[in-house]
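Listed here are the chains, written in short residue letters.
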Amino acid sequence: MKAELEQLIALQNADTSIRKLKSEIEAIPKRRAEIEKEFDQRAFEIRELERVRDEARQERARLETEVSEQRTRAERADRNLMSSKKQDEYTAAIREADAARKHISQLETQILEKMEAFEQAESKLKEREPEMTRLRAEMTERIREFEDQARVQQEHLEANQRERERLLATLPKNMSTLYKRISARIRDGIAVAEARNGSCTACFMALRPQVMAEVRRGDDVITCDNCNRILYYVPKEAREKAPAKAAPNAVAH
Ligand SMILES: [Zn+2]
C-alpha cells in the first residue's frame, strides 16, 4: 500500500506539473507579443523617423509623376501653339503652356523640399544606427531565450505526460480509477492531499483522530470525509529531509 500511495503522489505531481505547463504554454503567444510590443515602444522614435523618410520618398515619387504629366500638358500646348490658326487658339495655347510650366516649377520646389526631408530623416537614422542595431540584437536574443524556454516547457510537458501514463499503467486498476474519478470531479484537479497536523491540507477540514491514525499507518487508501481526496501522511523526519518531494502542490521544474 505504501508504494501505491507513493505512486499516487507521483501521479499527482505529474498532473500538477501538466496543468501548470499547459497554462504556461497556452500563454506563449501572448508573452511573445508582449516582448515585441516592449521593443516596439523603445523603437518608437526610430520608427517615426522611418515613417517620415518613407513618406518623403513616396511624396517625391508622386510629385515626379505629376511633373511628367504637366510636361506632357506643356508639350501638347506647344504643339497647339505651332498649329494654331486663329488668335483665340493661339492665346489659349500660350495660357495653357504657361500654366503647365508654372505648375511644374511649383512641383519642383515641392520635390526639393521632399528631398531635403528625406535626407534629414536618413541622416538622423544613420546617427541612430548603432542604437537600432543594438535594439534589434537585444530583441533577437530575448526572443531566442523565450523560444528556448518554451521548448523546455514543451519537453517537460511531454515527460510528465509519459510519466503519468506509466504510473496509471502500473497502479492497480481500482486505484487508477479512483484517482481519475476524484481528479476529474475536483476543480483544481488535485486528487491527493497531505494530512498534516490533524487536518486535510487541501480543504483544511479537521480529520477525525481515527482517520488520521489510519492515514498515518498507510495500509489502506483513505479519503477525506469532506473533500474526498486521497490522503497521505509524510512523517516529520521525511519532510525535513526532502520537503519538496512530499508536497504535490510544490512542484519544481
Ligand atoms: Zn479534504
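A few points on the structure. (Residues numbered from 1 in each chain as written. Predicted model: local features only at pLDDT ≥ 70, side-chain atom pairs only at ≥ 80, totals over all residues.)

1. Some points on the nonpolar core
Then, in step 1: With 27 residues, the main nonpolar core has Leu8, Val192, Ile230, Leu231 and Tyr232 as its most contacted residues.
Then, in step 2: Where this core is concerned, the elements lending two or more residues are helix H1 (2–26), helix H6 (173–185), strand S1 (192–196), helix H7 (209–217) and strand S4 (230–232).
Then, in step 3: Ranked by residues supplied to this core, first place goes to H1 with seven residues.
Then, in step 4: Excluding residues that lie within four positions of it along the chain, Ile230 makes contacts with Leu8, Ile182, Ala191, Val192, Val221 and Thr223. (Core = buried A, V, L, I, M, F, W, Y, C linked by C-beta atoms within 7 Å. Buried ≥ 20, exposed ≤ 12 C-beta atoms within 10 Å, placed from the backbone. Helix = DSSP H or I, 4+ residues; strand = E, 2+ residues; numbered from the N terminus. Contact = placed C-beta atoms within 7 Å.)

2. Looking at the sheet that holds strand S3 (residues 222–223)
Then, in step 1: One open sheet accounts for four strands, arranged S2-S1-S4-S3; its pairing is mixed. Where the open sheet ends on each side, the last strands, each with one partner, are strand S2 (199–200) and S3.
Then, in step 2: For S3 and S4, the ladder comprises two bridges, and the chain directions are antiparallel. Bridged to Thr223 within S4 is Ile230. (Pairing = 2+ DSSP bridges.)

3. With respect to the packing of helix H3 (residues 44–83) against helix H4 (residues 87–127)
Then, in step 1: In the contact formed by H3 and H4, the axes pass within 8 Å of each other and the chain directions differ by 165°. What the angle tells us is that H3 and H4 run roughly antiparallel. In this structure, the crossing between H3 and H4 has a hand that is left-handed.
Then, in step 2: Of the residues assigned to the contact of H3 with H4, the class counts are 21 nonpolar, four polar and 17 charged. (Axes fitted to C-alpha atoms, helices over the stretch in contact; angles between N-to-C directions. Parallel < 35°, antiparallel > 145°, perpendicular 65-115°, else oblique. Left-handed = near helix turned anticlockwise from the far one by under 90°. Nonpolar A, V, L, I, M, F, W, Y, C, P; charged D, E, K, R; others polar.)

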